[in-house]
Amino acid sequence: MSEPHFEKVALIGIGLIGSSIAINIRDRGLAREVSIATRREETLRRAEELRLGTSFHLDPAEAVRDADLVILCLPVGSCGAATEAMAKGLKPGAIVTDVGSVKGAIVRDVGPRLPAGVHFVPGHPIAGTEQSGPDAGFLELFENRWTILTPLPETEEAATEALRRFWEATGAMVEVMTPEHHDMVLAIVSHVPHLIAYNIVGTAADLETVTQSEVIKFSASGFRDFTRIAASDPTMWRDIFLTNREAVLEMLARFSEDLASLQRAIRWADGEALFDLFTRTRAIRRSIVQAGQDTEEANFGRLKPRRGDPWNEKGATAPGE
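Just so you know, these numbers come straight off a predicted model, no measurement behind them. (Residues numbered from 1 in each chain as written. Predicted model: local features only at pLDDT ≥ 70, side-chain atom pairs only at ≥ 80, totals over all residues. Heavy atoms only, no water.)

A. Inspection of the sheet that holds strand β4 (residues 69–72) at higher detail. Across the sheet, which stays open at both edges, the 6 strands sit in the order β3-β2-β1-β4-β5-β6 with parallel pairing between neighbours. Looking along the sheet, the strands with just one partner apiece sit at the ends: β3 (55–57) and β6 (119–120). Note: β4 against strand β5 (residues 95–98), 4 bridges, orientation parallel. Within the sheet, the bridge partner assigned to L69 lies in β5 and is I95. Sitting on the sheet, helix α2 (residues 41–49) touches β2 (31–37) and β3, and the angle it makes with β3 is about 175°. (Pairing = 2+ DSSP bridges. Helix = DSSP H or I, 4+ residues; strand = E, 2+ residues; numbered from the N terminus. Contact = heavy atoms within 4.5 Å. Axes fitted to C-alpha atoms, helices over the stretch in contact; angles between N-to-C directions.)

B. Broad picture of the confidence of the model for the protein chain. Taken over all residues, the pLDDT of the protein chain has a mean of 87, while the share at 70 or more is 86%. Across residues 302–309, where pLDDT falls below 50, the model places 34 contacts with residues more than four positions away in sequence or in other chains. Contacts for the low-pLDDT stretch residues 312–321, under 50 throughout, to residues beyond four places or in other chains number 19 contacts. (pLDDT = per-residue confidence, 0-100.)

C. Highlighting the nonpolar core. Membership of the largest hydrophobic core comes to 37 residues, with the highest contact counts inside it found for L11, I21, I71, F166 and W167. Those elements that provide at least two residues to this core are β1 (6–12), α1 (16–28), β2, α2, β4 and α6 (157–169). Apart from residues no more than four positions distant in its own chain, L11 is found in contact with G18, I21, A22, V34, S35, I36, A37, I71 and C73. With 30 residues, the next largest nonpolar core counts A10, L152, V248 and M251 among its residues. (Core = buried A, V, L, I, M, F, W, Y, C linked by side-chain atoms within 4.5 Å. Buried < 20%, exposed > 50% of the residue type's maximum accessible area, 1.4 Å probe, protein only.)

D. The pattern of salt bridges, seen in detail. Applying the stated criterion across every chain yields a total of 15 salt bridges. In this structure, E143 and R28 form a salt bridge, with 2.8 Å as the shortest nitrogen-oxygen distance. Here the residue E143 occupies a position in the loop between β7 (123–125) and β8 (146–149), and R28 occupies one in helix α1, the gap between them amounting to 115 residues. Taking the relative accessible area as the measure of exposure, E143 reaches 26% and is therefore partly exposed. Of the charged contacts, one joins E41 and R45 as a salt bridge, the two residues approaching to 3.8 Å between their closest N and O atoms. Here the residue E41 and the residue R45 both occupy positions in helix α2, the gap between them amounting to 4 residues, near one helical turn. Given a relative accessible area of 47%, E41 falls into the partly exposed group. By sharing partners, the salt bridges in this structure join R46, E49 and D135 into a single network. (Salt bridge = Lys/Arg side-chain N within 4 Å of Asp/Glu carboxyl O.)

E. Expanded view of unusual backbone geometry. Of note, the phi angle at R51 is positive, near 55°, even though the residue is not glycine. Considering the arrangement of structural elements, one finds R51 in the loop between α2 and β3. Relative accessible area serves as the criterion here: at 35%, R51 is assigned to the partly exposed category. For N144, which is not glycine, the phi torsion reads 60° and is therefore positive. One can find N144 in the loop between β7 and β8.

F. Seen up close, the packing of aromatic side chains. All told, the structure shown has 4 aromatic pairs when counted by the stated rule. With centroids separated by 5.9 Å and ring planes inclined at 75°, the aromatic side chains of F166 and W167 adopt a geometry described as edge-to-face. Taking the relative accessible area as the measure of exposure, W167 reaches 0% and is therefore buried. Between W237 and F241 the ring centres are 5.7 Å apart and the planes differ by 45°, which places this aromatic pair in the tilted class. (Phe/Tyr/Trp six-rings, centres within 6.5 Å; stacked < 30°, edge-to-face > 60°.)

G. Layout of the environment of E156. By secondary structure assignment, the location of E156 is in the loop between β8 and α6. Expressed as a C-alpha distance, the spacing of E156 and V121, which sit 35 residues apart in the sequence, is 9.1 Å.

If you want it as structure tokens, here you go:
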């Protein structure tokens with residue numbers, strides 16, 4: 001247990017990312033208090049049963065009162081309304097951040113709704129699974145994964161550094177870049193691959209009646225990987241594509257051009273072009289493994305949450321155990 005990074009952290013939303021942050025705060029002693037706010041009472045009750053926080057609220061303004069750090073753990077499209085609802089409870093000097101996969105929309109929707117004296121540091125932990133909800137979180141989610149911070153020109157450096165130290169305490173590696181650069185990079189490494197996965201799985205679903213269920217029966221590892229990606233939260237990904245559409249469309253156009261080249265190579269039996277492409281892509285895969293951004297372990301090396309709850313004197317079973 002280290003010295004707390006903050007006295008009080010407020011989590012607005014408690015899905016996979018929010019619950020994993022809560023478990024990290026609890027098990028690593030990153031804050032003395034954690035307040036949690038959700039829109040649905042049953043979700044809030046479940047978070048309380050899992051002992052993910054020290055106080056639980058349906059009103060986000062109450063949850064953020066006296067909080068030193070506020071993290072919006074919501075789909076990108078919900079962050080603006082949530083900020084408006086919590087703004088009156090924010091104290092001067094508080095740091096507000098988020099976990100969304102699109103940063104331009106967060107800057108546009110969250111920043112103008114924050115009161116003067118509050119530090120705004122948009123963020124994005126590049127970590128996740130296809131699971132969602134408060135039961136999905138686990139301690140190791142952020143370990144050796146990247147978190148990107150996109151402070152604005154007017155953001156005080158001390159606020160960015162405090163947030164950097166917080167994320168590093170969860171085991172994450174931290175990079176700083178502009179919101180615009182973030183959205184372009186994520187469009188190609190995350191958003192377009194998800195779009196392709198959704199499309200392929202949708203096509204397979206349309207073929208099910210034609211193949212008499214053989215698509216599911218004989219699913220190979222490639223298709224199974226696509227279904228894992230396509231099982232991600234629909235609300236979150238709908239918001240991502242709507243809010244980062246310009247970067248996604250730009251990367252999708254480039255992908256379509258490359259796909260057309262690949263189609264020509266197959267049509268004209270250009271084995272050399274195919275071999276060269278597959279060799280380059282294989283090298284990229286090896287680079288990702290060498291960088292520690294994937295493993296050959298089952299479930300990509302994801303571990304179960306650990307036991308332990310300093311806020312529960314009787315001890316608690318962590319989600320998933």
